[in-house]
Amino acid sequence: MGTEAIGYVLGQQCAPVIAGVKPSNLLIVEKGNQNGLRHVLRGTELCTYLLHASAEKEYWLLFDPEAMQRLLEEPDKRCYLQECGYKTDDMDQVLERLAKRFRNYKRKRADFPHEMGVLFGYPLNDVRGFIENGGKNFKRSGYWKVYDDVAYADQIFILYESARRMALRLCGQGWRISDIWKCFRSAEFQWEPDLARQFI
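Read on for an overview of the structure. (Residues numbered from 1 in each chain as written. Predicted model: local features only at pLDDT ≥ 70, side-chain atom pairs only at ≥ 80, totals over all residues. Heavy atoms only, no water.)

1. Let's talk about the overall build of the protein
Part 1 of the argument: A tally of regular secondary structure across the protein gives 10 helices and 5 strands.
Part 2 of the argument: For 200 residues, the compact-globule formula gives about 16 Å, and the C-alpha radius of gyration of the protein, at 17 Å, lands near that figure.
Part 3 of the argument: Put simply, the protein has 200 residues, and 46% of those count as buried.
Part 4 of the argument: Sequence separation of at least 24 residues holds for 55% of the intrachain contacts in the protein that already meet a minimum separation of 6.
Part 5 of the argument: For the protein, the accessible area works out to roughly 10600 Å², and carbon and sulfur atoms hold 45% of it.
Part 6 of the argument: Counting 29 positive and 27 negative side-chain charges, the protein places the averaged centre of each group 6 Å from the other. (Helix = DSSP H or I, 4+ residues; strand = E, 2+ residues; numbered from the N terminus. Rg over C-alpha atoms; globule rule 2.2 N^0.38 Å. Buried < 20%, exposed > 50% of the residue type's maximum accessible area, 1.4 Å probe, protein only. Contact = heavy atoms within 4.5 Å. Areas by Shrake-Rupley, 256 points an atom, 1.4 Å probe, with all protein chains shown as cover. Lys, Arg positive; Asp, Glu negative; His and termini not counted. Charge placed at Lys NZ, Arg CZ, Asp CG, Glu CD.)

2. Quick look at the packing of helix α1 (residues 3-19) against helix α8 (residues 150-172)
Part 1 of the argument: For the pair α1 and α8, the least separation of the axes is 8 Å and the interaxial angle reads 140°. Taken together, the axes of α1 and α8 lie oblique to each other. Read as a crossing pair, α1 and α8 show a hand that is right-handed. For the pair α1 and α8, the contacting residues are G7, Y8, G11, Q12, A15, P16 and A19 in the first and Y160, A163, R164, A167, L168 and C171 in the second.
Part 2 of the argument: Considered class by class, the residues forming the contact of α1 with α8 number 9 nonpolar, 3 polar and 1 charged. (Axes fitted to C-alpha atoms, helices over the stretch in contact; angles between N-to-C directions. Parallel < 35°, antiparallel > 145°, perpendicular 65-115°, else oblique. Left-handed = near helix turned anticlockwise from the far one by under 90°. Nonpolar A, V, L, I, M, F, W, Y, C, P; charged D, E, K, R; others polar.)

3. A few points about α8
Part 1 of the argument: In this model, α8 (23 residues) spans 32 Å end to end at C-alpha, consistent with the 33 Å of a helix rising 1.5 Å per residue.
Part 2 of the argument: Of the residues that open α8, the one with a side-chain oxygen 3.3 Å from the backbone nitrogen of A151 is D149.
Part 3 of the argument: Phi turns positive, to about 90°, at G174, one or two residues after α8. (Expected span 1.5 Å × (residues − 1). Polar contact = N/O pair within 3.5 Å; in protein donor to acceptor, adjacent residues only side chain to side chain.)

4. Some thoughts on the side chain of N33
Part 1 of the argument: Tracing the sequence through the fold places N33 in the loop between β1 (24-30) and α2 (34-41).
Part 2 of the argument: When residues no more than four places from it in sequence are discounted, the contact partners of N33 are M1, I6 and E58.

5. Observations regarding unusual backbone geometry
Part 1 of the argument: Notably, K108 is not glycine yet its phi reads approximately 65°, a positive angle.
Part 2 of the argument: The residue K108 is located in the loop between α5 (91-106) and α6 (116-119) in this model.
Part 3 of the argument: Although it is not a glycine, N137 sits at a positive phi angle of roughly 60°.
Part 4 of the argument: Checked against the element boundaries, N137 lands in the loop between α7 (124-133) and β4 (140-141).
Part 5 of the argument: Residue class for N137 comes out exposed when judged on its relative accessible area of 63%.

6. Examining the pairing of strand β2 (residues 47-53)
Part 1 of the argument: With 6 bridges joining them, β2 and strand β3 (residues 57-63) adopt antiparallel strand pairing. Across the sheet, the residue bridging to L50 is W60, located in β3.
Part 2 of the argument: Here β2 folds back onto β3, and the loop between the two strands holds 3 residues. (Pairing = 2+ DSSP bridges.)

7. Describing the pattern of salt bridges
Part 1 of the argument: Overall, the coordinates contain 6 salt bridges when judged by the stated rule.
Part 2 of the argument: Taking the shortest distance from any N to any O, the salt bridge between D154 and R140 comes out at 2.9 Å. Here the residue D154 occupies a position in helix α8, and R140 occupies one in strand β4, the gap between them amounting to 14 residues.
Part 3 of the argument: Look at R140 and you get partly exposed, because its relative accessible area is 34%. (Salt bridge = Lys/Arg side-chain N within 4 Å of Asp/Glu carboxyl O.)

Following this line, the structure appears as structure tokens:
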């Protein structure tokens, strides 16, 4: 994949992270694009962590380290992740454990690590609700399945979709991901940064 194609995939799959309204997301790309991915993200403060590589695809966690750190310091989420076996005072260990659990899932040795939803910034009650209901009986389905606050989720869905459409429009105009990342953080950019910061 060329850098332009990688940039489009990033915009399609991870625009809310690029926009600064989501702490992390799963990024799936064709195998062998590590250098291209690193090049495309140059000039941003976003990080990647390889969760699993199959014969054809690589599964990365794209994340904003500052947003992830804030998430790990939230008492309810920190407690839940600790219940799942994570050492939340060390982000490297959090990433290592997530990768191990995800690899085991992809190799059919374990169930899907649903706590990943917490790291994606999804509401804890919705993550718990998904697990308790086996993915059924949800009130709304969008970027995640909603079991608790539908009004809140609807706002975030709109925010995420707005980020995705904006990122893809800019990609289509030839913008680099680093420039899109900076654009979303520009005081002159007319988006919804104040609204966005309430939800990360």
